[in-house]
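# Residue-level structural notes
Single-letter residue listing:
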There are 2 protein chains.
Amino acid sequence: MSVRRLRVGVAGATGAVGAELLRLLVEREFPLDGPPRLLASARSVGTMLPCAAGPVPVEELHDEALRGLDLVFFSCGGERSRRFAEVARDGGAVVVDNSSAFRMDDAVPLVIPEINPEAVDGHRGIVAVPNCTTIVFLMAVAPLHRAAGLERAVVSSYQAASGAGAAALREYEGQIRAAAAGKPLRAEVLPRVLLGNVVPHVDRFLPDGSTKEERKLVEETRKILGDPGIGVAATCVRVPVARAHAVSAALELRDPLTPERAREILAATPGVVVVDGGDPPDYPTPLDVSGRCEVAVGRIREDASRPGGLLLWAVGDQLLKGAAWNALQIAELMIRRERL
Amino acid sequence: MSVRRLRVGVAGATGAVGAELLRLLVEREFPLDGPPRLLASARSVGTMLPCAAGPVPVEELHDEALRGLDLVFFSCGGERSRRFAEVARDGGAVVVDNSSAFRMDDAVPLVIPEINPEAVDGHRGIVAVPNCTTIVFLMAVAPLHRAAGLERAVVSSYQAASGAGAAALREYEGQIRAAAAGKPLRAEVLPRVLLGNVVPHVDRFLPDGSTKEERKLVEETRKILGDPGIGVAATCVRVPVARAHAVSAALELRDPLTPERAREILAATPGVVVVDGGDPPDYPTPLDVSGRCEVAVGRIREDASRPGGLLLWAVGDQLLKGAAWNALQIAELMIRRERL
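The next thing to look at is the overall build of chain A. In terms of regular secondary structure, chain A is built from 8 helices and 13 strands. Over its C-alpha trace chain A gives a radius of gyration of 20 Å, about what one expects of a compact globule, namely 20 Å for 340 residues. Summarising its shape, the C-alpha atoms of chain A cover approximately 60 × 60 × 45 Å along the three principal directions. The burial tally for chain A puts 56% of its 340 residues in the buried class. Summarising the internal contacts of chain A: among those between residues at least 6 apart in sequence, 66% fall at separations of at least 24.

All names here are of chain B. Pairing in this open sheet of 7 strands is mixed, and the strands run 3-4-2-1-5-6-7 from one edge to the other. Strand pairing shows two members of the sheet lacking a second neighbour, strand 3 (48–49) and strand 7 (126–128), which therefore form its edges. As judged from the 3 bridges shared by strand 1 (residues 8–11) and strand 2 (residues 37–40), these two strands associate in the parallel manner. The residue of strand 2 that forms the bridge with Val10 is Leu38. Strands in contact with helix 8 (residues 320–336) are strand 5 (71–74), strand 6 (94–97) and strand 7; relative to strand 6, the strand with the most contacts, it is inclined by about 150°.

The subject of this paragraph is the sheet that holds strand 8 (residues 150–158) of chain A. All names here are of chain A. The 6 strands lie next to each other as 9-8-10-13-12-11, forming an open sheet whose pairing is mixed. In this open sheet, the two strands that pair with only one neighbour each are strand 9 (231–235) and strand 11 (272–274). The sheet shows a mean angle of 25° between the axes of neighbouring strands, direction not considered. As defined by bridge partners, strand 8 adjoins strand 10 (residues 245–253) across 8 bridges and the pair is classed as antiparallel.

A separate point is the packing of helix 3 (residues 132–148) of chain A against helix 5 (residues 212–225) of chain A. All names here are of chain A. Remark: helix 3 packs on helix 5, axes separated minimally by 10 Å, with the N-to-C direction vectors making an angle of 40°. The interaxial crossing formed by helix 3 with helix 5 has right-handed handedness. Here Thr133, Thr134, Phe137, Leu138, Ala142 and His145 of helix 3 lie close against helix 5, whose contacting residues are Glu213, Lys216, Leu217, Glu220, Thr221, Ile224 and Leu225. Residue composition of the contact of helix 3 with helix 5, grouped by class: 6 nonpolar, 4 polar and 3 charged.

The subject of this paragraph is the relation of the copies chain A and chain B. Mapping chain A onto chain B calls for a rotation angle of 180° and an axial translation of 0.0 Å; the resulting RMSD is 0.0 Å. Taken together, these values place the two copies in the relation of a two-fold axis. In this assembly the copies share their binding face: 100% of the residues contributing to the interface of chain A also contribute to that of chain B.

Residues and elements named next belong to chain A. For helix 1 (residues 16–27), with 12 residues, the first-to-last C-alpha span of 17 Å sits near the 16 Å given by 1.5 Å per residue. Within the sequence span of helix 1, burial applies to Ala16, Val17, Gly18, Glu20, Leu21, Leu22 and Leu25. Within two residues after helix 1, Glu29 carries a phi angle of roughly 50°, on the positive side.

With 241 residues, the main nonpolar core has A:Ala314 and B:Ala314 as its most contacted residues. B:Ala314 has contacts with B:Val136, B:Phe137, B:Met139, B:Ala140, B:Ala246, B:Val247, B:Ala249, B:Val295 and B:Val297, leaving out every residue within four places of it along the chain.

Once that is clear, we can look at the domain arrangement of chain A. All names here are of chain A. Parsing chain A into structural domains produces domain 1 (8–130 + 323–336) and domain 2 (133–318). The straight-line distance from the C-alpha centre of domain 1 to that of domain 2 is 25 Å. Taken together, the contacts link 14 residues of domain 1 with 19 residues of domain 2. Per-element tally for the side of domain 1 that touches domain 2: the top contributor is helix 8 (residues 320–336), with 3 residues. Among the residues making up the side of domain 1 that touches domain 2, the classes are represented as 8 nonpolar, 4 polar and 2 charged.

Right, let's talk about the environment of A:Arg4 for a bit. Residues and elements named next belong to chain A. Counting through the fold element by element, Arg4 comes out in the segment before strand 1 (8–11). Look at Arg4 and you get exposed, because 11 C-beta atoms sit within 10 Å. Through-space distance from the C-alpha of Arg4 to that of Leu138 is 32 Å; in sequence the pair is 134 residues apart.

All names here are of chain A. The omega torsion of the bond from Asp279 to Pro280 falls at 0°, within 30 degrees of zero and hence cis. When you line up the elements, Pro280 lands in the loop between strand 11 and helix 7 (286–289). Despite not being glycine, Arg299 shows a phi value in the positive range, around 50°. One non-glycine residue, Glu338, lies in the positive phi region at around 55°. Within the secondary structure, Glu338 sits in the segment after helix 8.

Looking now at the interface of chain A and chain B. It is common to give the size of an interface as the accessible area lost on bringing the parts into contact. Contacts between chain A and chain B engage 47 residues on the former and 47 residues on the latter. Contributing elements (two or more residues each) for the side of chain A that touches chain B: strand 8, helix 4 (166–180), strand 9, strand 10, helix 7, strand 12 (295–302) and strand 13 (309–316) of chain A. Grouping the constituent residues of the side of chain A that touches chain B by class yields 26 nonpolar, 13 polar and 8 charged.

To continue, consider the environment of B:Ile330. Positionally, B:Ile330 belongs in helix 8. Residue B:Ile330 is classed as buried on the basis of its C-beta count, with 27 C-beta atoms lying within 10 Å.

Before going further, it helps to spend a moment on the pairing of strand 13 (residues 309–316) of chain B. Each regular strand carries side chains that alternate between the two faces of the sheet. Residues and elements named next belong to chain B. Within strand 13, 8 of the 8 residues are buried, which leaves the element mostly enclosed by the surrounding structure. The alternating pattern of strand 13 places Gly309, Leu311, Trp313 and Val315 on one face and Leu310, Leu312, Ala314 and Gly316 on the opposite face, and all of these are buried. Two strands pair when backbone bridges link them, and strand 10 (residues 245–253) and strand 13 are joined in this way by 8 bridges, in the antiparallel orientation. If you follow Ala250 over to strand 13, its bridge partner there is Leu311. Where strand 12 (residues 295–302) folds back onto strand 13 in an antiparallel hairpin, the turn is made up of 6 residues, including Gly308, whose phi is positive at roughly 75°.

Glancing now at the pairing of strand 10 of chain B. Within strand 10 of chain B, 9 of the 9 residues are buried, leaving the element largely enclosed by the surrounding structure. Of the two faces of strand 10 of chain B, the one lined by B:His245, B:Val247, B:Ala249, B:Leu251 and B:Leu253 and the one lined by B:Ala246, B:Ser248, B:Ala250 and B:Glu252 are each fully buried.

Residue and element names in this part refer to chain A. Relative to the helices and strands, Leu257 resides in the loop between strand 10 and helix 6 (259–267). Classification of Leu257 as buried rests on a count of 20 C-beta atoms within 10 Å. Spatially, the C-alpha atoms of Leu257 and Ala147 are 8.2 Å apart, while their sequence positions differ by 110 residues. If we skip the residues at most four places from it in the chain, Leu257 touches Leu144, Ala147, Ala148, Ala262 and Leu310.

Moving on: the packing of helix 3 of chain A against helix 6 of chain A. Residues and elements named next belong to chain A. With their axes 9 Å apart at the nearest point, helix 3 and helix 6 run at an angle of 115° to one another. Relative to helix 6, the crossing made by helix 3 is right-handed. Contact residues: helix 3 offers Ala140, Pro143, Leu144 and Ala147, while helix 6 offers Ala262, Ile265 and Leu266. Of the residues belonging to the contact of helix 3 with helix 6, the class tally is 7 nonpolar, no polar and no charged.

Calculation rules
Residues numbered from 1 in each chain as written. Chains lettered and ligands numbered in written order. Predicted model: local features only at pLDDT ≥ 70, side-chain atom pairs only at ≥ 80, totals over all residues. Helix = DSSP H or I, 4+ residues; strand = E, 2+ residues; numbered from the N terminus. Rg over C-alpha atoms; globule rule 2.2 N^0.38 Å. Buried ≥ 20, exposed ≤ 12 C-beta atoms within 10 Å, placed from the backbone. Contact = placed C-beta atoms within 7 Å. Pairing = 2+ DSSP bridges. Axes fitted to C-alpha atoms, helices over the stretch in contact; angles between N-to-C directions. Left-handed = near helix turned anticlockwise from the far one by under 90°. Nonpolar A, V, L, I, M, F, W, Y, C, P; charged D, E, K, R; others polar. Least-squares fit on C-alpha atoms with pLDDT ≥ 70 in both. Expected span 1.5 Å × (residues − 1). Core = buried A, V, L, I, M, F, W, Y, C linked by C-beta atoms within 7 Å. Domains from an automatic or database assignment.

Structure representation (structure tokens):
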């Protein structure tokens, strides 16, 4: 069978997720019809980015530039997705959107391919990639939910600087150099100095005192698992890590599930690796997981404070499984299911 | 009334907690009878440390050195406390112990002066300072427990390098210099590289897959609040912060308690400051709280996933309120209650 080749656009090509996406398109030998069209803001026009057959120039993201494409990945924030994603779709492309713009739209599937692949079938031109913390959390939790019925989860996150974009990562790295030189540390991109600190403020605050990031974790979990009754208590915290998000989660399950059985289930789940126990005891950390497409799960243990309680710790590279890799997996999934 | 002056010993004078204790003894004008006796391991003998009336030489910690004292602070680890605390007590001193050696001993009061001051009255020569994370957690939670009855808490911690001792802090600071110079990062004191990482491993692992730090948070909470029925699910994580521990906590309370009422209760609690809400929204971070004796609480909000649920974020300098300051407060409390 000959593979249909696709004209692909990458909106947000110069960002942290865009860079990973370009690398993965090559690595995965994605069926490109010519070099991808790289789109970004006006100030990046002319920048050459490495791609399949050689460097490709960046063009400005505008309506005309979105014509004649089969597939466009958006990774340039909610505002630009709201402005341009429907233009791309109306021009005939299928959009895979990394932003939060359409995630809670009933007409837009919100997809983690290992968890709810069938959801792509109903797409109407836009498919959304979930929030990066939600993906890391659900890669560990969805298989246990299927086995034992998740009723409630209490989640605290440990989120990397690059989750706030390439400029936030540069600011954090600059703080390391400043600290070593004995200079004062400044915060301009992130709300507080991140080096030597942890900051319970990711995305903007909502009137109820939670943040939008925390709200996403609640609502997206319910949409992806297809159960509006699941309770999620979330506290999202930025930590001085370059890349890879971690979550500490306390799960309340309907049916009993031993840590041993939970490990077996997770070890058999594609895209998940179990790093737990042994002598000396092992566990995943952001440094181990950076650059990897799998979500690693460890610290799996009984929660003695509640019947049906299970504690765990999950870590994933939020630029890969939390964004670029999940987006590319969605595109590959749509090809396999003949929805692209 | 004339104040009785006390002959004071400081075991572990050269450590991170010892240094804070020496500073606080001076600042608080503690009723010292002559300079404190500074005790440490043999390799520190002769080191001069700044104290009340000028530098004081460090002596070796051994049985003889513990004679003739009224009060000895121990901050040199569980092993040395187990070896020497009873020697000091049997020699006539009252011991305030910062280690975990005696905390769960029924004959030893475990005291946070703002929470269970009356517990010191029954001491038999040794009073224990709780684990630093437990103190930060309970300073925020005990007042809410009194008002609404804590049934269960799910806690994830964000613990500073200096909580593992001065050598761990030096290792973390060395990693900042190495990273800025483009050199590889090494971990010898802590179990993993800490800079740019978060590590769910504080103290040693127990057979059930939890760590001793997590176990302490469970057991010490029950002892201090005097209620063995309280459930605590704890995950303790080391983060790249120099000093000040933070905890994210989901509380399950017997009686309803609005965030507004919780803020009022905490704002009226000595030793607690509320840093929450406002425009732009404020919250405490370890960098803000380092060097302060109060525990700061913010992100107080309803937990919509459970009736009677309340979420909060508490931060405290674990070398001060989590150790040296709480120890000195215990000594001052015993003087006031004529138990020293």
